[in-house]
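Architecture at a glance
Each chain, letter by letter, is given below.
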Amino acid sequence: MISTTLLGQLLRDEMEHPCFIPPGTNRSQSRTLSFLLGGFPAWETTRMWSAVPLCSMYLLALLGNLAVLAIVGSERSLHAPMYLLLAMLAVADLGLSTSTFPTMLRMLWLEAREISFGTCLAQMFFIHVFADIESAVILAMAFDRYVAICHPLRVRRLSHPYCLHPDVIKHAESDVRVHSTYGLFVLLSTLGLDLLFVLLSYLLILKTILSVATWRGRLKALNTCLSHICAVLLFFIPMICLSMMHQFIKHVSPQAYTFTANLHFLVPPILNPIVYSVKAKPIRRRMLRMLCQSDKARRGICR
């Protein structure tokens, strides 16, 4: 990247340069610090002939890299690490070529060798940035090839349409007992502990309800917990069944695994809003009010 020492030195040189414009001076009598670009001979015939291949190279760079970006972006099968890195390399190439070619073509076609200090500083910044990006992408591509060749991935078939820890560790080539024990410990220390406290809470609730004198009072108190009891049953019963299948039952059909996992992960998010909206009167009233307002607005639009 650009050295801060070099940048500071250039700024000091500009301020000390006799062509530097101090604030309040007449710009018609002075001009800012600038640089003269070199690298090409000044002969007219050579300059014009050199511009043709350079322009062709720039157009090829633009078309080629834009084509790579369009193909990788539109084709879903190419959304893999290697092709995404290739798209990043195309972005870096576009930035690097756009940072350099226009200045060269401007010098050859328009004979404009002079470049201002600010433009030169910006060009130097973008050249260093895109060069560093391209270097990093090439390094990432090298690591990707190393992993693909030296440590190739093996395709394993899972029992579920999503990744679960007990399902994944079955395909480990090492001893799975440590992983299985760790998974069971995490399950018991999180969800198992939560279930234990839920059961303890309801034992205390049941003790309080039984102390109520009338049956109507008991039913009323129990009715306030009904929606939460449904949520507890919907979440924990499939979870317990799924854990038992993975830990202790060795021969279970894949259909049973899939059905229980879907019941655990998909059914509660669907039914919880329904259960709570039916049992909670404020939510139910607000929902009915929103539906009525949307229906009235739709009728108004239709009119």
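Whatever comes next refers back to the structure up there.
Okay, so let's go over this structure. Residue numbers run consecutively from 1 along every chain, following the written order of its sequence. Given that the model is predicted, a residue must reach a pLDDT of at least 70 before its local features are reported, and side-chain atom pairs must reach 80 or more before they are shown or counted; all residues, however, enter totals for whole chains, interfaces and linings. Derived side-chain values reflect all non-hydrogen atoms in the structure, with water molecules and hydrogen atoms excluded from consideration.

**Topic: the overall build of the protein chain**
Helix and strand counts for the protein chain stand at 11 helices and 2 strands. Each helix is a run of H or I in the DSSP string that is no shorter than four residues. Each strand is a run of E no shorter than two, and both are numbered from the N terminus. Its helices and strands in sequence order give the protein chain the pattern α-β-α-α-β-α-α-α-α-α-α-α-α, from N to C terminus. Only protein chains enter the accessibility calculation, which uses a 1.4 Å probe; a residue is then buried when its area is under 20% of its type maximum, exposed when over 50%, and partly exposed in between. Looking at the protein chain as a whole, 22% of its 303 residues are labelled buried. The contact definition used throughout considers only heavy atoms, calling two residues in contact when any of these lie within 4.5 Å. Across the protein chain, every contact between residues at least 6 apart in sequence was considered, and the portion connecting residues at least 24 apart equals 68%. As presented, the protein chain carries roughly 21,700 Å² of accessible surface, and 70% of it is formed by carbon and sulfur atoms. Surface accessibility in these figures is a Shrake-Rupley result with a 1.4 Å probe; residues are shielded only by whichever protein chains are displayed.

**Notes on the packing of aromatic side chains**
Each Phe, Tyr or Trp ring (for Trp, its six-membered ring) is paired with any other whose centre lies within 6.5 Å, and the angle between the two planes then decides the class: stacked below 30 degrees, edge-to-face above 60, tilted in between. By the definition in use, this model includes 3 aromatic pairs. Arranged with centres 5.3 Å apart and planes meeting at 75°, the rings of Phe 125 and Phe 126 form a pair that is edge-to-face. Between Phe 235 and Phe 236 the ring centres are 5.0 Å apart and the planes differ by 90°, which places this aromatic pair in the edge-to-face class. What makes Phe 235 partly exposed here is its relative accessible area of 30%. Here the aromatic residues Phe 125, Phe 126 and Phe 130 are joined through ring pairs into a cluster of three or more.

**Thoughts on a nonpolar patch on the surface**
On the surface, Leu 193, Leu 196, Phe 197, Leu 200, Leu 203 and Leu 204 cluster together into a nonpolar patch covering about 600 Å² of accessible area. Of note, Leu 193 is situated in helix H6 (residues 177-210). Every patch collects residues that have over 30% relative accessible area and no salt bridge, joining them within 9 Å if they carry like charges and within 5 Å if they are nonpolar side chains (Val, Leu, Ile, Met, Phe, Trp, Tyr). We define a salt bridge as a contact between a side-chain nitrogen of Lys or Arg and a carboxyl oxygen of Asp or Glu at a distance within 4 Å.

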